[in-house]
Amino acid sequence: MVDDLVRTPAAVAEAERWTAHNYHPLPVVISSAAGAWVTDIDGKRYLDCLAGYSALNFGHRHPALIAAAHAQLDRLTLTSRAFVHDQFAAFCRALAELCGKDLVLPMNTGAEAVETAIKVARKWGYRVKGVPHDKATIVVAEGNFHGRTTTIVSFSTDPDARADFGPYTPGFKVVPYGDLAALEAAIDETTVAVLLEPIQGEQGVIVPPEGYLPGVRALCTENRVLFVADEIQSGLGRTGTTFACDHEGVVPDMYVLGKALGGGIVPVSAVAADQDVLGVLRPGEHGSTFGGNPLACAVATEVVGLLKTGEFQRRSAELGARLHADLGALVGHGLLAVRGRGLWAGIDIDPALMTGRAACERLAERGVLAKDTHGSTIRLAPPLVVEPAELDWAVEQLAAIL
Ligand SMILES: Cc1ncc(COP(=O)(O)O)c(C=O)c1O
């Protein structure tokens, strides 16, 4: 890293000393942030091109979100769902309307929302579809990333995520992503849901072939199977539309949302579906102490309000076109491939040049924060408030390290 760092090495060593090593962070110690920029403890500024894996779509400390959080902190923070609070209905209604669904079930983390979707799909399968008891199956895709619980890693195909965490939860079938014939072959009378990311983020921003998502929709409808779209990373403006499914005019039976829903302030996740699906749950069958708490609802209602303006989706589409054009020009000049939609790009660095990790370290030296994913792939997902000139500058830094 750069020579003028004073406090950073000791702070990194202190963090390493006291935490489990379940992450391998870049040696940058952030102490403040605003918009698309963060500042470290040595006063160095970085353009944030990861945005908390899309949890910071609206940038760091968006004024409207911070104001909503402050106002709520001064009134009421937590009740549990044993009581109703005055922020709850407004949030659920706003999110249900944004999704075009009847009902919302709020949770906290993304993994909890995915677990919720799995439980709802199974219950729907037994109570509505008539699948024999304990026989429900859910079809998922190779290369998926849906979180870290023991059930979710049971159907991961990433050895790091899965190995030595068994015994695994049964009831999942894995098919190649983007392959409709394989999906069709996997569906039978026990299938209750197809659970997919409309764009696979952790896998390297993999966009499925055109026609795949409509094909999944059609297969699900024909076979009376729920299409569950995990839009935790792809949703809420990231790809230039509210949901990544919107690009192909597809409406899933259940949206699974998280990350940006909490405005980069609090963990907020949710599933949204119609009454015939989410209505299968009865009191006592599912829940979470913090799910739908007043602070979360106040912030997330404001998030939905920002999305309703369309401004962030528009910015993502316009700036994304610029980003993809600029990155495309680097293919053959150090990049092997560029994928993605909107302000979301997976770039494959020529492994002969350097690993993704080395590239991220060099970018950090130049003031750009990004994160490698598999091997020499890097994901770029700047906050949607990034300015065009800042984006151009980030691509210049990438060109320079290549
Ligand atoms: C598509 C997708 N689903 C689920 C999750 C899990 O979310 P969380 O880390 O909040 O549990 C992630 C996180 O990266 C994700 O990208």
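Here the structure is shown first, and the text comes after it.
Summarised in this report is the structure supplied together with it. In this text, all values refer to a predicted model and were calculated from it rather than measured experimentally.

## Considering the site of the ligand
Contacts to the ligand come from T109, G110, A111, F145, H146, G147, E197, E202, D230, I232, Q233 and K259. Taking F145, its main chain carries an N or O atom lying 3.5 Å from a nitrogen atom of the ligand. Note that an oxygen atom of the ligand is positioned 2.7 Å from one of the side-chain N or O atoms of Q233. Protein contacts shield 81% of the accessible area of the ligand, which totals 390 Å² for the unbound molecule. Taken together, the residues that form the shell around the ligand break down as three nonpolar, five polar and four charged.

## Focus on the sheet that holds strand β7 (residues 191–196)
In spatial order, the strands read β4-β10-β9-β8-β7-β5-β6; together these seven strands make up an open sheet with mixed pairing. Looking along the sheet, the strands with just one partner apiece sit at the ends: β4 (103–107) and β6 (172–175). The sheet shows a mean angle of 20° between the axes of neighbouring strands, taken without regard to direction. Relative to β6, strand β5 (residues 137–141) runs parallel, the two being bridged by four bridges. When the bridges of β6 are listed, I138 appears paired with F172.

## Quick notes on the pattern of salt bridges
In total, this model carries 10 salt bridges according to the counting rule given. As a salt-bridge pair, E285 and K123 come within 3.6 Å of each other at their nearest N and O atoms. Linking E285 in the loop between α10 (275–278) and α11 (294–308) with K123 in helix α5 (residues 110–129), this pair joins segments that are 162 residues apart in sequence. Between R322 and D392 there is a salt bridge, and its shortest N-O distance comes to 2.7 Å. Of the two residues, R322 is situated in helix α12 (residues 311–328) and D392 in helix α14 (residues 388–401); the sequence distance between them amounts to 70 residues. Residue D392 is classed as partly exposed on the basis of its relative accessible area, which comes to 21%.

## Examining the side chain of H62
Here H62 is to be found in the loop between α2 (51–54) and α3 (63–73). With relative accessibility at 16%, the residue H62 sits in the buried group. A distance of 3.1 Å separates a polar atom in the side chain of H62 from the backbone nitrogen of A64. Residue contacts for H62: discarding those within four places in its chain leaves L306 and F312.

## Structural notes on unusual backbone geometry
The peptide bond linking G166 to P167 adopts the cis configuration, its omega dihedral lying at 5°. Despite not being glycine, A51 shows a phi value in the positive range, around 50°. Of note, A51 is situated in helix α2. Judged by relative accessible area, which is 0%, A51 ranks as buried. Backbone geometry places V205, a non-glycine residue, at a positive phi of 55°. Mapped onto the secondary structure, V205 falls in the loop between β7 and α9 (212–222).

## Digging into the sheet that holds strand β15 (residues 377–380)
One open sheet accounts for four strands, arranged β11-β12-β15-β14; its pairing is antiparallel. The open sheet has two edge strands with one neighbour each: β11 (335–340) and β14 (371–372). Judged from the two bridges that link them, β14 and β15 form a sheet pairing that is antiparallel. Each bridged residue has a counterpart across the sheet, and for K371 the counterpart in β15 is R379.

## Some details on the nonpolar core
Counting 68 residues, the largest nonpolar core has F91, L95, L261 and I378 as the members making the most contacts within it. No other element matches α11, which puts nine residues into this core. Of all hydrophobic cores here, the second largest spans 31 residues; its members include V114, L195, V228 and I232.

Calculation notes
- Residues numbered from 1 in each chain as written.
- Predicted model: local features only at pLDDT ≥ 70, side-chain atom pairs only at ≥ 80, totals over all residues.
- Heavy atoms only, no water.
- Near = heavy atom within 4 Å.
- Polar contact = N/O pair within 3.5 Å; in protein donor to acceptor, adjacent residues only side chain to side chain.
- Areas by Shrake-Rupley, 256 points an atom, 1.4 Å probe, with all protein chains shown as cover.
- Nonpolar A, V, L, I, M, F, W, Y, C, P; charged D, E, K, R; others polar.
- Pairing = 2+ DSSP bridges.
- Helix = DSSP H or I, 4+ residues; strand = E, 2+ residues; numbered from the N terminus.
- Axes fitted to C-alpha atoms, helices over the stretch in contact; angles between N-to-C directions.
- Salt bridge = Lys/Arg side-chain N within 4 Å of Asp/Glu carboxyl O.
- Buried < 20%, exposed > 50% of the residue type's maximum accessible area, 1.4 Å probe, protein only.
- Contact = heavy atoms within 4.5 Å.
- Core = buried A, V, L, I, M, F, W, Y, C linked by side-chain atoms within 4.5 Å.

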